[in-house]
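# Inside the fold
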Amino acid sequence: MVKLAIHGGAGGDGPWKGPTDLDPQRIACMHNVLSTVGAMLESGIDATEAVTIAVEMLEDEELFNAGKGSVIAADGKVTMDASIMRGYDKAAGSVVNVTKIRHPIRAAKLVLDKGWPVMLNSASADKFAIDSGLEEVNQDWLITDLRLAQWQKWKKANSRPGSTDEDDEAVLDHDLEGMGTVGAVAIDTNGVLAAATSTGGMTGKPDGRIGDTPIIGAGTWADNLVAVSCTGVGEAFIRTCAAHEVSTRIRMGESLSQSCTNMLEMVAPLGGRGGVIAIDSQGNVEIPFQTMLMYRGTWIDGEIMTGIGPELSPK
Ligand code: ASP
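Residues numbered from 1 in each chain as written. Predicted model: local features only at pLDDT ≥ 70, side-chain atom pairs only at ≥ 80, totals over all residues. Heavy atoms only, no water.

### A word on unusual backbone geometry
- The omega angle of the peptide bond from Trp116 to Pro117 is -5°, so this bond is cis rather than trans.
- Note on placement: Pro117 falls in the loop between helix 3 (104-114) and strand 4 (119-121).
- In this model, Cys241 sits at a positive phi of 45°, which is unusual for a non-glycine residue.
- Positionally, Cys241 belongs in the loop between helix 7 (234-239) and helix 8 (242-251). (Helix = DSSP H or I, 4+ residues; strand = E, 2+ residues; numbered from the N terminus.)

Have a look at this one:
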């Protein structure tokens, strides 16, 4: 019963207008992640390593807002957050505001493997990752032309951090500006659940801002019941302990589907439109979102489905 679900962020309002010119590249990346990591899961890799590899591959796709191609903060720098959690023992690892590593999620996994502490921040997290042998990169490598152009638009319009096109048409051509976070959830051959999430945060975020992504229980959660990875306006997900809320609701008797939908309904009034991917211990998979679109895909018994707008499809 191995299963894998991934996301590449949610965004936009109103009806989906169909794929953009850049979307085939995003879909191709998701297909590659699902077929590669799905096959690994089937051959017995553990769920925690599977979600790490899946997120590393998504971090490497510069059209998603994680790793290379992360969005740019108010001060013109890329700072990245990532976290991971393993269900059966609630082991967790998180890095906050790292600036010079290629794969923040691998750094979070190393924190998890070490066992203590659970979170490392900024320069200390970068140092830990690099000293542990992870690939060091510089800001010029992380910042892409696309993100630079988006940041310049944001700066010129002097809009609030994380502005989206429904707030201000002039700022963005796509709501993914602030919401291209990536994540993965999996259940492995031993029935172990795991979740991982990685992001550059939101365009124009103030110095030191921490979103939900690196916060265990807000952007990422896994226990014996469910593995959860969220995307959306992070502050609202923090204020509702959103990822953990899914588990609480399952424990109280709700189905996975009800838990995810009800969680999103709690988050929305706080300005937290977004989406969630979740797999429960029975192998149910849910991917609800409240936005116009959510890049997402599943690998279920060898069958790959991906989607951007309302429908999932094999292609
Ligand atoms: N949740 C992320 C953050 O607030 C952004 C996103 O999911 O797109 O940093």
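Moving on, there is more to tell.
### Some thoughts on the packing of helix 2 (residues 47-60) against helix 3
- At a minimum axis distance of 8 Å, the contact between helix 2 and helix 3 shows a crossing angle of 155°. The orientation of helix 2 with respect to helix 3, classified from their angle, is roughly antiparallel. In contact with Thr48, Glu49, Thr52, Ile53, Val55, Glu56 and Glu59 of helix 2, helix 3 contributes Pro104, Ile105, Arg106, Lys109 and Leu112. (Axes fitted to C-alpha atoms, helices over the stretch in contact; angles between N-to-C directions. Parallel < 35°, antiparallel > 145°, perpendicular 65-115°, else oblique. Contact = heavy atoms within 4.5 Å.)

### Structural notes on the nonpolar core
- Within the largest apolar cluster, 55 residues are counted, with the highest numbers of intra-cluster contacts made by Leu4, Ile6 and Leu58.
- Residues Met85, Val185, Ala222 and Ala243 belong to the second largest nonpolar core, which totals 31 residues. (Core = buried A, V, L, I, M, F, W, Y, C linked by side-chain atoms within 4.5 Å. Buried < 20%, exposed > 50% of the residue type's maximum accessible area, 1.4 Å probe, protein only.)

### Focus: the sheet that holds strand 13 (residues 312-313)
- Spatially, nine strands are ordered 4-3-2-6-5-1-11-12-13 in an open sheet, and the strand pairing comes out mixed. Looking along the sheet, the strands with just one partner apiece sit at the ends: strand 4 and strand 13.
- Across two bridges, strand 12 (residues 303-307) lies against strand 13 in antiparallel orientation. Each residue of the ladder has a partner; that of Gly307, found in strand 13, is Leu312.
- Across the sheet, helix 4 (residues 122-131) is in contact with strand 3 (92-98) and strand 4; its angle to strand 4 comes to roughly 110°. (Pairing = 2+ DSSP bridges.)

### With respect to the pattern of salt bridges
- Under the definition given, this model contains 13 salt bridges.
- Glu49 is paired through a salt bridge with Lys109; the nearest N and O atoms lie 3.5 Å apart. Taken together, the residues span a long stretch of sequence, with Glu49 in helix 2 and Lys109 in helix 3 at a distance of 60 residues. In terms of burial, Glu49 and Lys109 fall into one category: buried.
- Two residues, Glu135 and Arg102, come together in a salt bridge whose shortest N-O distance is 3.0 Å. Taken together, the positions of Glu135 in the loop between helix 4 and helix 5 (139-142) and Arg102 in the loop between strand 3 and helix 3 put the pair 33 residues apart, joining distant regions of the chain.
- With relative accessibility at 42%, the residue Glu135 sits in the partly exposed group. (Salt bridge = Lys/Arg side-chain N within 4 Å of Asp/Glu carboxyl O.)

### Let's talk about the sheet that holds strand 7 (residues 220-222)
- Across the sheet, four strands lie side by side as 7-8-9-10; this open sheet has antiparallel pairing. Every interior strand has two partners, whereas the edge strands, strand 7 and strand 10 (285-286), have only one.
- Taken together, the three bridges between strand 7 and strand 8 (residues 226-232) define a ladder with antiparallel strand orientation. Bridge pairing in strand 8 places Trp221 opposite Val228.
- With respect to the sheet, helix 8 is in contact with strand 7 and strand 8, its orientation differing from that of strand 8 by roughly 140°.
- The strands that helix 9 (residues 256-267) touches are strand 8, strand 9 (274-280) and strand 10; relative to strand 9, the one it contacts most, it runs at about 155°.

### Describing the packing of aromatic side chains
- Scanning all chains against the criterion turns up one aromatic pair.
- A centroid spacing of 6.1 Å and a plane angle of 70° characterise the contact between Phe64 and Tyr295, whose relative ring orientation is edge-to-face. Here Phe64, found in the loop between helix 2 and strand 2 (80-86), pairs with Tyr295, found in strand 11 (residues 293-300); they are 231 residues apart in sequence, far enough to count as distant. Across the pair, Tyr295 and Phe64 agree in class, each one buried.
- Taking the ring centre of Trp141 as reference, the NZ or CZ of Lys68 above it sits at 4.6 Å. (Phe/Tyr/Trp six-rings, centres within 6.5 Å; stacked < 30°, edge-to-face > 60°. Lys NZ or Arg CZ within 6 Å of the ring centre and 35° of its normal.)

Structural measurements only, silent on function.
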